[in-house]
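# Geometric and topological summary
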Amino acid sequence: MTTATPPYAWLNGSVVPWDECVLHARSQGAFWGANVFEGLRVYQDPDGERHLFRVGDHLNRLRRSMKSLHMEIEYSDAELTQACTDLVLANDFDQDAHVCVVAYFGLGSSFDPMGHTNETGVHITSTPVPRSAAHERGVAASISSWRRIGEDSMPPRIKTGANYHNSRLAQHEAMRNGYDTTLLLNQRGTVAEAPGSCVVVVRDGELITPPGTSGVLEGITVETVAHLAEEHLGLTLRRREIDRTELYIAEEVFLCGTMSELLPVTSVDRVTVGDGARGPLTRQLQDHYDDAVRGLGKNPQWCTRLPAATGRNGAA
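## Things to note about the overall build of the chain
Scanning the chain for helices and strands turns up eight helices and 16 strands. Taken over C-alpha atoms, the radius of gyration comes to 20 Å for the chain, in line with the 20 Å a tight globule of 316 residues would show. Along the first, second and third principal axes, the C-alpha set of the chain runs to 55 × 50 × 35 Å. Here the chain holds 316 residues, and the buried ones make up 52% of them. For the chain, contacts bridging at least 24 residues in sequence account for 71% of all contacts bridging at least 6.

Right under this line is the structure:
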């Protein structure tokens, strides 16, 4: 994982130096996580051209999250897409990248983090994201002792920063216990999701994922997987509750999300999944997904091609 600081970010209408992309510590977005966000990916095709993957779908979900928080911002989807484009061209990474779009509540007139305010803003950051070796090797997962937040408390359907404390608790517990990641159960005791990723199980050749009512974010990547599985493999992704022990006896388990892409899970609670290696369906879907995100598949509408940068870091 690269640790170099990117040169630029985007804040409320302008590309700015990375260190100038700041919010006041007492802003509601920073203090209490009163924000909504989307993470999307930029991929390079074999010719070196870059694509934003499913940017429109990510911004649609951002709007749904904003609606749930009664948040309005001054930027249209077209303006946000252009902002992402401007930032990617300015940073001009020579590899795949991640772009995070965050709409946040500001200070407000009373400086009360719980007070009502219509003051909002948007910041966008982008970082290079090389593909992990775990893409082929897979990861070892635990079942978390933490339960997934629910619709009656912190609705998982809203992609807000505050919700991710739940994921952070679970992920850090797993790492302390020697695992790569973890899987959270919901209040009914069935599988919800991993921190930042949806879960797909293969049982008897069938693809299964928890439904949107299981305490999961309605994933764009898992929807992409469903489409690719139907299109290329003739398989339907079934949405139903998944019991914990089904993870132990499944032929394959993989995670899917914008950051994780399709990530094989090779063991759960130190119980080997399948033969302990990346499964054949996972590998096939990874290949089809890689074609799709690089504009090589049957769904070019998913990819927004970016113009070439005019110079290093976007200099004219």
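Next, the rest of the story.
## Considering the pairing of strand β6 (residues 120–128)
With two bridges joining them, strand β1 (residues 8–11) and β6 adopt antiparallel strand pairing. Within the sheet, the bridge partner assigned to Leu11 lies in β6 and is His123. Two elements, strand β5 (residues 97–105) and β6, share nine bridges in a ladder whose sense is antiparallel. By the bridge assignment, Tyr104 is partnered in β6 with Gly121.

## Observations concerning the confidence of the model for the chain
Summing up the model confidence of the chain, the mean pLDDT is 95 and the portion of residues at 70 or higher is 97%. Per-residue pLDDT stays below 50 along residues 312–316; that stretch engages in 13 contacts with residues further than four places along the chain or on separate chains.

## Structural notes on the nonpolar core
Within the largest apolar cluster, 28 residues are counted, with the highest numbers of intra-cluster contacts made by Val99, Val101, Val122 and Ile124. Those elements giving two or more residues to this core turn out to be β3 (35–44), α2 (55–68), α3 (77–91), β5 and β6. Ignoring anything within four residues of it in the chain, the contact list for Ile124 reads Ala9, Trp10, Leu80, Ala83, Cys84, Leu87, Val99, Cys100 and Val101. Within the second largest apolar cluster, 21 residues are counted, among which are Val200, Leu237, Leu281 and Cys303.

## Brief notes about the sheet that holds β1
Whether parallel or antiparallel, the strands of a sheet pair through hydrogen bonds between backbone atoms. Spatially, seven strands are ordered β2-β1-β6-β5-β3-β4-β16 in an open sheet, and the strand pairing comes out antiparallel. Among the strands making up the open sheet, the edge pair consists of β2 (14–17) and β16 (303–305). Each adjacent strand pair in this sheet contributes to an overall mean axis angle of 30°, direction not counted. In this sheet, strand β4 (residues 50–53) lies alongside β3 in antiparallel orientation, the contact comprising three bridges.

## Notes on the packing of helix α6 (residues 220–233) against helix α8 (residues 280–293)
Interhelical geometry of α6 versus α8 gives an angle of 105° and a closest axis separation of 10 Å. As summarised for this structure, α6 and α8 are arranged roughly perpendicular, according to the angle between their axes. Touching Thr221, Thr224, Val225, Leu228, Ala229, His232 and Leu233 of α6 are Leu281, Gln284, Leu285, His288, Tyr289 and Ala292, all from α8.

## With respect to a nonpolar patch on the surface
Residues Phe31, Trp32 and Met114 make up a contiguous nonpolar surface patch of about 370 Å² in total accessible area. With respect to the secondary-structure elements, Met114 resides in the loop between β5 and β6.

## Some thoughts on the side chain of Arg54
By the secondary structure assignment, Arg54 is in the loop between β4 and α2. Polar side-chain contacts of Arg54 include one of 2.7 Å to the side chain of Thr224.

## A look at α3
If you check α3, its first and last C-alpha atoms are 21 Å apart, about what 15 residues at 1.5 Å a residue would give, namely 21 Å. Every buried residue belonging to α3 is among Leu80, Thr81, Ala83, Cys84, Thr85, Leu87, Val88, Leu89, Ala90 and Asn91, and all of these are buried. Where α3 ends, the next residue or the one after it, Asp92, has phi of about 50°, a positive value.

## Describing the environment of Pro17
Structurally, Pro17 is set in strand β2. The partly exposed category is assigned to Pro17, whose relative accessible area is 37%. When the C-alpha atoms of Pro17 and Met71 are compared, they prove to be 27 Å apart, with 54 residues separating the residues in sequence. Each residue touching Pro17, except ones within four places of it in the same chain, is listed here: Pro7, Tyr8 and Ala9.

## Description of the environment of Arg270
If you trace the backbone, Arg270 turns up in the loop between β14 (261–268) and β15 (271–272). It is 7.7 Å that separates the C-alpha atoms of Arg270 and Ala141, two residues lying 129 residues apart in sequence. Residues in contact with Arg270, not counting those within four places in the same chain, are Ala141, Asn177, Gly178 and Tyr179. A distance of 3.1 Å separates a polar atom in the side chain of Arg270 from the backbone oxygen of Asn177. Polar side-chain contacts of Arg270 include one of 2.9 Å to the side chain of Tyr179.

Parameters and conventions
Residues numbered from 1 in each chain as written. Predicted model: local features only at pLDDT ≥ 70, side-chain atom pairs only at ≥ 80, totals over all residues. Heavy atoms only, no water. Helix = DSSP H or I, 4+ residues; strand = E, 2+ residues; numbered from the N terminus. Rg over C-alpha atoms; globule rule 2.2 N^0.38 Å. Buried < 20%, exposed > 50% of the residue type's maximum accessible area, 1.4 Å probe, protein only. Contact = heavy atoms within 4.5 Å. Pairing = 2+ DSSP bridges. pLDDT = per-residue confidence, 0-100. Core = buried A, V, L, I, M, F, W, Y, C linked by side-chain atoms within 4.5 Å. Axes fitted to C-alpha atoms, helices over the stretch in contact; angles between N-to-C directions. Parallel < 35°, antiparallel > 145°, perpendicular 65-115°, else oblique. Patch = residues over 30% accessible without salt bridge, like charges linked within 9 Å, V, L, I, M, F, W, Y side chains within 5 Å. Areas by Shrake-Rupley, 256 points an atom, 1.4 Å probe, with all protein chains shown as cover. Salt bridge = Lys/Arg side-chain N within 4 Å of Asp/Glu carboxyl O. Polar contact = N/O pair within 3.5 Å; in protein donor to acceptor, adjacent residues only side chain to side chain. Expected span 1.5 Å × (residues − 1).

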